[in-house]
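Spelled out, the chains give:
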Amino acid sequence: MSMDSIMVHFHPDERAFVDRAMEWVHQAAENHEVRLTDFLDPRQAYILQSLVNRNPDVHMRLDGGSSHAERCRAIVAPDYVYLESEELDLQVLAVTSKDQKFLSLEHSDFLGAVLGLGIKRDKIGDIHVTEEGCHVVAAREIASFLDTHLRQVHRVPVMTELLPIEQLNAVQTSFQMMNLSVASMRLDGIASDVFRLSRSKIVQPIKAGRCRVNWKSEEDPSTALRAGDVVSLKGFGRFKVMEIEGVTKKGRMRVSIGIYA
């Protein structure tokens with residue numbers, strides 16, 4: 001299958017990643033190389049899996065430290081390699097503090113503190129925040145750097161410790177639930193209700209390329225959403241269409257939305 005026939009399935013801003021993923025698959029098939037990737041978001045993992053599935057001589061494994069991990073590293077290897085014995089080099093950075101303000105810190109605070117040290121996003125997996133502290137899944141190659149240099153989060157002093165991935169205290173994603181009554185499942189209509197903005201103010205960032213549906217760039221405000229879709233709008237937040245519960249007597253749709261906490 002030609003490059004052009006493959007690329008037609010992907011958004012133009014995904015081309016660079018598709019090129020890299022195709023190279024990983026080629027190296028595994030032709031050069032018998034085993035490739036460990038950085039952390040992939042679910043859309044990137046889907047792209048890589050779809051390319052691997054096209055080649056019978058290659059297989060892959062994903063792992064992000066927990067069964068419901070959103071961001072995972074991947075091993076791409078020749079089909080004769082036993083993937084379960086391959087190390088994905090995941091480590092846990094445990095972050096704690098004696099400061100009471102620590103309890104008010106959120107996911108974005110920890111992510112911002114890590115990225116503020118010059119760490120690239122693709123070296124960090126999921127971030128699990130609990131009342132006891134925060135567990136950051138990190139690539140082993142940068143974990144020691146984080147352990148040495150992360151000393152405050154949003155101006156709160158913190159202590160860190162490195163743990164094996166088996167000691168990860170994984171947290172299920174929590175949602176703030178809301179119920180909507182909408183005329184249609186259009187992206188701009190749902191997003192304007194969720195973020196409490198006018199339709200015109202929602203359309204502009206969508207057309208500007210700041211919206212992703214299921215981690216894929218979406219610039220068409222009229223796109224119809226379905227149950228299970230995850231929508232992120234840069235600068236506003238993320239939500240998931242949990243369920244389409246039915247139609248009212250007036251023909252409007254009842255929709256259950258989960259806003260990522």
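Up top you'll find the structure we're talking about.
Fair warning: this is a prediction, and the values are worked out from it, not measured in the lab.

Draft legend 1. Region of interest: the environment of Gln100. As for its placement among the helices and strands, Gln100 is situated in the loop between strand E4 (90–96) and helix H4 (107–115). Distance in space between the C-alpha atoms of Gln100 and Val156 is 9.0 Å, their sequence separation being 56 residues.

Draft legend 2. View of the packing of helix H2 (residues 15–30) against helix H3 (residues 42–53). Where H2 meets H3, the axes come as close as 10 Å, and the angle between the chain directions of the two elements is 40°. With respect to H3, the element H2 is oriented oblique. Our pair here, H2 against H3, has a crossing hand that is right-handed. Contacts from Phe17, Val18, Ala21, Met22, Trp24 and Val25 of H2 reach H3 at Gln44, Ile47, Leu48, Leu51 and Val52. A class-by-class count of the residues in the contact of H2 with H3 yields 10 nonpolar, one polar and no charged.

Draft legend 3. Spatial organisation of the sheet that holds strand E10 (residues 175–182). Spatial strand order, E10-E15-E14-E13-E11-E12: six strands in an open sheet with antiparallel pairing. Of all strands in the sheet, those with a lone pairing partner are E10 and strand E12 (216–217), marking the two edges. Where E10 lies against strand E15 (residues 253–260), eight bridges are found, and the strand directions are antiparallel. Its bridge partner being in E15, Val182 is matched across the sheet by Met253. Lying on the sheet, helix H6 (residues 187–194) is in contact with E10, strand E11 (211–213), strand E13 (230–233), strand E14 (237–247) and E15; it crosses E10 at an angle near 125°.

Draft legend 4. A look at H4. Listed in full, the buried residues belonging to H4 are Asp109, Phe110, Leu111, Ala113 and Val114. If you follow the buried residues of H4, they end up packed against E4, strand E5 (124–129), strand E6 (134–139), helix H5 (140–149) and strand E7 (152–153).

Draft legend 5. Up close: the side chain of Arg71. Among the structural elements, Arg71 can be located in the loop between strand E2 (58–63) and strand E3 (73–78). It is Asp41 that comes nearest to the buried, bridge-free Arg71 among opposite-charge side chains, at 5.2 Å. At a separation of 3.0 Å, a polar atom in the side chain of Arg71 contacts the main-chain carbonyl oxygen of Ile124. When sequence neighbours within four positions are dropped, the list of residues in contact with Arg71 reads Phe39, Leu40, Asp41, Gly64, Arg121, Asp122, Ile124, Gly125 and Asp126.

Draft legend 6. Layout of the pattern of salt bridges. One pass over the full model with this rule turns up 10 salt bridges. Residue Asp38 pairs with Lys123 through a salt bridge whose shortest N-O separation is 2.7 Å. Taken together, the residues span a long stretch of sequence, with Asp38 in the loop between strand E1 (35–36) and H3 and Lys123 in the loop between H4 and E5 at a distance of 85 residues. According to the relative accessible area criterion, Asp38 is partly exposed, its value standing at 25%. Here Arg186 makes a salt bridge to Asp188, at a shortest N to O gap of 2.8 Å.

Each value, and the rule that gives it
Residues numbered from 1 in each chain as written. Predicted model: local features only at pLDDT ≥ 70, side-chain atom pairs only at ≥ 80, totals over all residues. Heavy atoms only, no water. Helix = DSSP H or I, 4+ residues; strand = E, 2+ residues; numbered from the N terminus. Axes fitted to C-alpha atoms, helices over the stretch in contact; angles between N-to-C directions. Parallel < 35°, antiparallel > 145°, perpendicular 65-115°, else oblique. Left-handed = near helix turned anticlockwise from the far one by under 90°. Contact = heavy atoms within 4.5 Å. Nonpolar A, V, L, I, M, F, W, Y, C, P; charged D, E, K, R; others polar. Pairing = 2+ DSSP bridges. Buried < 20%, exposed > 50% of the residue type's maximum accessible area, 1.4 Å probe, protein only. Lys, Arg positive; Asp, Glu negative; His and termini not counted. Salt bridge = Lys/Arg side-chain N within 4 Å of Asp/Glu carboxyl O. Polar contact = N/O pair within 3.5 Å; in protein donor to acceptor, adjacent residues only side chain to side chain.

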